[in-house]
Structure formats: C-alpha cells, structure tokens
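Topology and contacts: notes
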Amino acid sequence: MSVKAKAKVVAKVVLVFAIVGGVLFGAMKVREKLAGEKKPSTNWGAMVRARVATVRLLPATVGTFVRKETYPGELATPQTVDVAMKMGGRLTQVNGLLGESVERGALIAEIENAELRSQMREAEASTAVQKAALARAEVDLTQWERELERKIPLFKKELLPLQERETLEARRDQAKAQVDLVTAQVAQAQARSAVLRIQLDATRVHAPWTGKVARRLLYVGAVVAPGSPILTLVETDTLVARF
C-alpha cells in the first residue's frame, strides 16, 4: 500500500472517532442539563384549599308545611227536615220566619196544652201527698217494730200476757201492709206524672239542629194533625263541598 493510501485510511478513522466523540460529548451535556433541572413539586394543600366551600349550619326547627290548592266547587247543606208535631191540636205558638236562623233545641211550635198542664200539676201534687203518707207509714212501722222488740224478753219470761204480744204483732203487720200499699200508690202517681210529662212534651217541637227556615207552612191558630209539617229547616251547622 502506498503512503497516500495509508494517509487516507488514517484520515477516515480519525474523522469517525471525531464524530463519535462529538456525539458522546453532546449526549453527556444533555444528560447533565436534564439532571441539573429541578422537578416542580405538587402543592396538594393549595389544591385542597381551592376545593373547600363555606357551609353555614342552622338549628333544626319544627314547622308546618302548607300547600294551597284551588278547585272549583260549591257549598251545599247536607240535609233538610220538615219539622212536624207528634200530637194534633191548635197551634198556640210558631217561631221562625222564612230565612230566619234557628238554634239547635229552640222551640219551633206548640199546640194548646192547658188541660195537660193542669193534669200534670195534679199528678205532681198527688205524688207529693203519697210520698208524705209513705213517710208516716214507715214511721208507724218502725215504732211498732221497736215496741215489739223491746217487750220480747218479757214475753219470753211470761211477765206479760201472750194476748198483748199478739196485739203488737198484728199492729206491726198492719203498719207493714200500709207501707207496702202507700209505696205502690207512690209508684202509680209517679208513673202517671211520667205519662203526662211525655204527652206534654209532645205538644211542643224543637229544632233538631241549627239551621235556617227554608219554608213555613202553618201559623198560629191553625189546627194540625199528628205528623203534619209546620216548616222546613235547612241545616247550617255543617256544609258539604261539592266539586
């Protein structure tokens, strides 16, 4: 090989080494630069603070939830009634004009009852008399019973005649019979008063509920038969909503 050829080969080898060395040198510089740079740190506290929201707590209270709704409809009375007498007779009192309000239990009408009221007074007086007679009869019975009880030991010792004992026992039995009789008379007088009271109550009619007079059929002086309506009463205590 000539000298020129050897010089070319050497030049090529030197060139290759120069290129490789340059590449390696550049790679090392890049590595040093990357190693010298600091990695940015993650600030988790800032991230957490950025996500926190302010919440205000209020004390719990109890209340009513009201919901209002409107529906079309109408108010109606649930029932009406024809007020009538239980007994027949001549009307002496009629209350309640057309459209007038009537309270529950108020007197609507009354028929002539003077005779019944007189009989009622007599029956009550008779009851009082019978009760007084019963009280006297009970006193007499108590006296005869005590008298007999007081003398029983003397009768047993034969210190008093047997005839006197029989007399005392007879009077005691009579007094007991009188008590039983008057007791029955008191019960009879009370039953009579109760019957008259029922009849007297039947001469009056009262409002079954609070309402308004929707119709009036009869007036004072008219003669009514049992069950004949006097007026029509519309209930106003309770209203029914119809939709």
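This write-up is about the structure you can find in this document. (Residues numbered from 1 in each chain as written. Predicted model: local features only at pLDDT ≥ 70, side-chain atom pairs only at ≥ 80, totals over all residues. Heavy atoms only, no water.)

**A look at the overall build of the protein chain**
For the protein chain, the helix and strand inventory stands at four helices and 10 strands. Written out in order from the N terminus, the α and β elements of the protein chain read α-α-β-β-β-β-β-α-α-β-β-β-β-β. Expressed as a percentage of its 243 residues, the buried residues of the protein chain come to 21%. Long-range contacts, defined as pairs at least 24 residues apart, comprise 79% of the intrachain contacts of the protein chain with a sequence gap of at least 6. (Helix = DSSP H or I, 4+ residues; strand = E, 2+ residues; numbered from the N terminus. Buried < 20%, exposed > 50% of the residue type's maximum accessible area, 1.4 Å probe, protein only. Contact = heavy atoms within 4.5 Å.)

**Some details on the side chain of R216**
Inspection of the secondary structure assignment puts R216 in strand β7 (residues 211-216). One buried charged side chain, R216, makes no salt bridge at all; its nearest oppositely charged neighbour is E100, positioned 6.2 Å away. Non-local contacts of R216, meaning those with residues more than four positions away in its chain, are made with V94, G96, L97, I230 and L231. (Lys, Arg positive; Asp, Glu negative; His and termini not counted. Salt bridge = Lys/Arg side-chain N within 4 Å of Asp/Glu carboxyl O.)

**Observations concerning the pattern of salt bridges**
Here the structure, examined in full by the defined rule, presents eight salt bridges. Residue D173 is joined to R172 by a salt bridge in which the shortest nitrogen-to-oxygen separation is 3.2 Å. The class of R172 is partly exposed, set by a relative accessible area of 26%. Salt bridges here are not isolated pairs; linked through shared partners, they connect E147, R150, K151 and E164.

**A look at the nonpolar core**
Among the nonpolar cores identified, the biggest contains 17 residues, and M85, L91, I108, A109, V205, I230 and L233 are the most heavily contacted of them. When contributions to this core are tallied by element, the ones reaching two or more residues are β3 (89-94), β5 (107-111) and β9 (229-235). Setting aside residues up to four positions removed in sequence, V205 forms contacts with V83, A84, M85, A106, L107, I108, A109 and I230. By size, the runner-up hydrophobic cluster in this structure holds eight residues, among which are L134, A137, L141 and V182. (Core = buried A, V, L, I, M, F, W, Y, C linked by side-chain atoms within 4.5 Å.)

**Quick look at the packing of helix α3 (residues 114-156) against helix α4 (residues 162-201)**
It is at 7 Å that the axes of α3 and α4 come closest, and there the two elements cross at 160 degrees. In this view, α3 runs roughly antiparallel relative to α4, as classed from their interaxial angle. Here the hand of the crossing between α3 and α4 comes out left-handed. Across the contact of α3 with α4, the residue classes tally to 19 nonpolar, 10 polar and 16 charged. (Axes fitted to C-alpha atoms, helices over the stretch in contact; angles between N-to-C directions. Parallel < 35°, antiparallel > 145°, perpendicular 65-115°, else oblique. Left-handed = near helix turned anticlockwise from the far one by under 90°. Nonpolar A, V, L, I, M, F, W, Y, C, P; charged D, E, K, R; others polar.)

**Let's talk about the sheet that holds β7**
Neighbouring strands of a sheet are bound in pairs by backbone hydrogen bonds; such pairs are parallel or else antiparallel. If you trace the four strands from one edge of the open sheet to the other, you get β2-β9-β7-β4, paired in antiparallel fashion. Taken across any chain shown, the strands that pair with only one partner, and hence form the sheet edges, are β2 (80-84) and β4 (101-102). Pairing of β2 with β9 involves five bridges; the strand directions are antiparallel. Considered in β9, the bridge of A84 is made with P229. (Pairing = 2+ DSSP bridges.)

**Observations regarding the pairing of β5**
Counting buried positions over the five residues of β5 gives four, a clear majority of the element. In the sheet, β3 pairs with β5 via three bridges, with the strands oriented antiparallel. The residue of β5 that forms the bridge with Q93 is E110. One ladder, built from three bridges, connects β5 with strand β6 (residues 204-206); its direction is antiparallel. Considered in β6, the bridge of A109 is made with V205.

**Some remarks on α3**
Helix length check: α3, at 43 residues, gives a terminal C-alpha distance of 63 Å against a target of 63 Å (1.5 Å per residue), a fit within 8%. When the local axis directions of α3 are compared, the greatest deviation, roughly 30 degrees, occurs at R150, which is followed within four positions by the proline P153. All buried positions along α3 are accounted for by L116, M120, A123, T127, Q130, A133, L134, A137, L141, L148, K151 and F155. E158 lies just past α3 and shows a positive phi near 60 degrees. (Expected span 1.5 Å × (residues − 1). Bend = angle between axes of the 7 residues up to and from the residue.)

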